[in-house]
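# Structural features, examined
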Amino acid sequence: MGDNIKVVADATCTFCGCVCDDMVLTVDLDQKRITKSENACVLGKAWFKEHAIEERPFALVDGREATTDEGVEAAAQILANARFPVVYGLSDTTCEAQKVAVAIADMVGGCLDTTTSVCHGPTGIAFQSGGESTASLGEIKNRADLVVFWGGNPAEAHPRLFTRYAVTAKGMYTPNGRKDRTIVLVDVRRTPSTPVADIFLQVKPRTDFEVLWALRALVKGRKIDPSIEQRTGVSLAVLEDLVDRMKRCRYGALLFGMGLTMNRGRHFNAGAILALATDLNEFTHFVAKPVRGHGNVTGADNVVSWQTGFPFGVNFSRGYPRFNPGEFTTADLLSRGDADAALIIASDPASNFPKAAIEHLKRIPVINLDPKLTHTGRLARVSFTTATYGINVPGTVYRMDDVPITLRPAFDSPYPSDEQVLTAIRDRVRELLGGNRVPAGEALAGVAVS
Ligand code: SF4
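Residues numbered from 1 in each chain as written. Predicted model: local features only at pLDDT ≥ 70, side-chain atom pairs only at ≥ 80, totals over all residues. Heavy atoms only, no water.

Okay, the sheet that holds strand β12 (residues 285–290) next. Strand order across the open sheet formed by 5 strands is β10-β9-β8-β11-β12, with parallel pairing between neighbours. If you trace the sheet from one side to the other, it starts and ends with β10 (199–202) and β12, each paired once. Ignoring which end each strand starts from, the neighbouring axes of this sheet average 15° apart. (Pairing = 2+ DSSP bridges. Helix = DSSP H or I, 4+ residues; strand = E, 2+ residues; numbered from the N terminus. Axes fitted to C-alpha atoms, helices over the stretch in contact; angles between N-to-C directions.)

What follows is the structure, given as structure tokens:
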């Protein structure tokens, strides 16, 4: 370790949607790396350790090393000449960068989509039809005496959700922490999260909707046939006991993951759990929240919603935003071979999209922004190295409970931020298009564009 050491208190980990903002980071400024991350879980420690500054080209254009400016010119030419580009990713960057990405998609008349379309997209759809009984994680920590985790494995995916907020955390009305809460886990299999639960409901795969609808019926005092057990694997007695506990608790929380939303039923499942929370509010206070994965995927939902009116999968090709998941969502769009260019920000679809979509990405010009060289970066025609949000870049992110948090970066990066690169691309595209389109954010803010 060098002599030039700095300690950053109240820094933020952006590895997962918990966005823990109580990190104490020890930074070796000579070596430009974080040597210690107090309060981080095992995932957070790995995140901070991995983001030392690596020597990489600022940009690659057709595989050749280039400056950021050369990359911006090449990217702007691709976007200005495309007939139907897609802008995708955005869940691991700041809200400031997300806003510029929306403006680019609007200006070029393309599609705008985020990784929400492959995780909690069904929840976004369900919100629009049924609303959300919501709460902050702080409220859940301070008040919830019954917490139901449905279709998720926080012990491995969001480790501090248990300790900081929803299981062992001590709150104003839960002074004894774990002893003051009943924890219920619903899943199709046992996971490392299961031992945390007082009650574990192992449902048969693809029957979450039936279980949720049976719970709704029981909450409303309807009769349920005992054959529900053959269908779902959960006996009527267990369901009745759970409903009794849910009605009697002081404050209940339903926290649901992708095991519910990316399952048979999708937005019907998400709608069912949101409706169950609404039903329970006839008897006590109940909330339902999706547990979000990426560090600022919730910010992406917020920014895209307040700029376009829709959370993801937005098409600007008619000059105004249209929303149609399945048609304008990136995996579907690429699989059909529709887009003729792609701007991918802080995401790696080439590593996890369907094969047909990846094959199409290989056929079209791709622009990629990422601190690391990813599969998508390797197939991109223009690939930018950018600084890491939260570690090198200030800005705003939204925790999974829609609480905005200001980032406190640990040390500077020689690389530009996503926002800086996107702003340069936006300005150059505007020049190339002759100012024919007005970015959504600026139009909404009433700012004239020359
Ligand atoms: S729970 Fe998530 S945000 Fe918190 S320290 Fe762990 S990885 Fe980081």
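From this point, the discussion proceeds with the structure in view.
Tallied over the full model, the rule gives 23 salt bridges. A salt bridge links E431 to R428, with the nearest nitrogen and oxygen atoms 2.7 Å apart. Residue E431 and its partner R428 are located together in helix α18 (residues 418–433), separated by 3 residues, close to a single helical turn. For R428, a relative accessible area of 23% gives the class partly exposed. Connected via shared salt-bridge partners are D21, D22, R160 and R164. (Salt bridge = Lys/Arg side-chain N within 4 Å of Asp/Glu carboxyl O. Buried < 20%, exposed > 50% of the residue type's maximum accessible area, 1.4 Å probe, protein only.)

As a further point, take helix α10 (residues 236–248). With 13 residues, α10 should reach 18 Å at 1.5 Å per residue; the first-to-last C-alpha distance of 18 Å fits that figure. Inspection of α10 places L236, L239, L242, V243 and M246 among the buried residues, and these make up the whole buried set. All buried residues of α10 project into a common sector of 125° when viewed along the axis, lining one side. In this structure, α10 carries A237 and R248 as exposed residues pointing more than 90 degrees from its buried face. (Expected span 1.5 Å × (residues − 1). Arc of directions from axis to C-beta.)

This next bit is on the nonpolar core. Grouped together as the largest cluster of nonpolar side chains are 43 residues, with contacts concentrated most on M23, L25, I34, F48, I140, F149 and L161. Listing elements by their share of this core, those giving two or more residues are β1 (5–11), β2 (23–28), α1 (42–50), α5 (137–143), β8 (146–150), α7 (159–166), β9 (182–187) and β11 (251–256). Ranked by the residues each element gives to this core, the list is headed by α7, at 4 residues. In this view, M23 contacts V8, A9, D10, A11, T12, C13, E38, N39, A40, F48 and R160; residues no more than four positions away in its chain are not counted. In this structure, A74, L90, A300 and L369 belong to the second largest nonpolar core, which totals 40 residues. (Core = buried A, V, L, I, M, F, W, Y, C linked by side-chain atoms within 4.5 Å. Contact = heavy atoms within 4.5 Å.)

Tallied over the full model, the rule gives 7 aromatic pairs. Taking 5.9 Å as the distance between ring centres and 55° as the angle between the ring planes, the aromatic pair formed by F15 and W47 counts as tilted. You can see F15 sitting in the loop between β1 and β2 and its partner W47 sitting in helix α1, a full 32 residues away along the chain. Consider the rings of F209 and W213, whose centres lie 4.8 Å apart with planes at 20°: the pair is stacked. Of this pair, F209 and W213 both sit in helix α8 (residues 208–219), 4 residues apart, which is roughly one turn of the helix. Here F209 falls in the partly exposed class, since its relative accessible area comes to 25%. Since its relative accessible area comes to 41%, W213 is described here as partly exposed. Taken together through their ring pairs, the aromatic side chains of F310, F312 and F323 make up a single cluster. Sitting above the plane of the W213 ring, R216 keeps its charged end 4.6 Å from the centroid. (Phe/Tyr/Trp six-rings, centres within 6.5 Å; stacked < 30°, edge-to-face > 60°. Lys NZ or Arg CZ within 6 Å of the ring centre and 35° of its normal.)

Below, the discussion takes up unusual backbone geometry. One non-glycine residue, N39, lies in the positive phi region at around 80°. Among the secondary structure elements, N39 is positioned in the loop between β3 (33–38) and α1. Positive phi, close to 80°, is recorded for L90, a residue that is not glycine. Residue placement: L90 occurs in the loop between β6 (85–89) and α3 (95–108). We classify L90 as buried; its relative accessible area is 0%.

Next up on the list: the domain arrangement of the protein chain. For the protein chain, the assigned domains are domain 1 (5–49), domain 2 (54–119 + 295–445) and domain 3 (121–290). The straight-line distance from the C-alpha centre of domain 1 to that of domain 3 is 31 Å. Counting residues at the interface gives 10 residues for domain 1 and 8 residues for domain 3. Summed over both sides, the interface between domain 1 and domain 3 buries roughly 720 Å², with carbon and sulfur atoms accounting for 61% of that surface. Our count for the contact surface shared by domain 1 and domain 3 stands at 3 salt bridges. Here D21 makes a salt bridge to R164, at a shortest N to O gap of 2.8 Å. Taken together, domain 1 and domain 3 are joined by 3 residue pairs in polar contact (both at pLDDT 80 or more). When the residues that make up the side of domain 1 that touches domain 3 are grouped by side-chain class, the tally is 6 nonpolar, 2 polar and 2 charged. (Domains from an automatic or database assignment. Buried area = accessible area lost by both parts, 1.4 Å probe. Polar contact = N/O pair within 3.5 Å; in protein donor to acceptor, adjacent residues only side chain to side chain. Nonpolar A, V, L, I, M, F, W, Y, C, P; charged D, E, K, R; others polar.)

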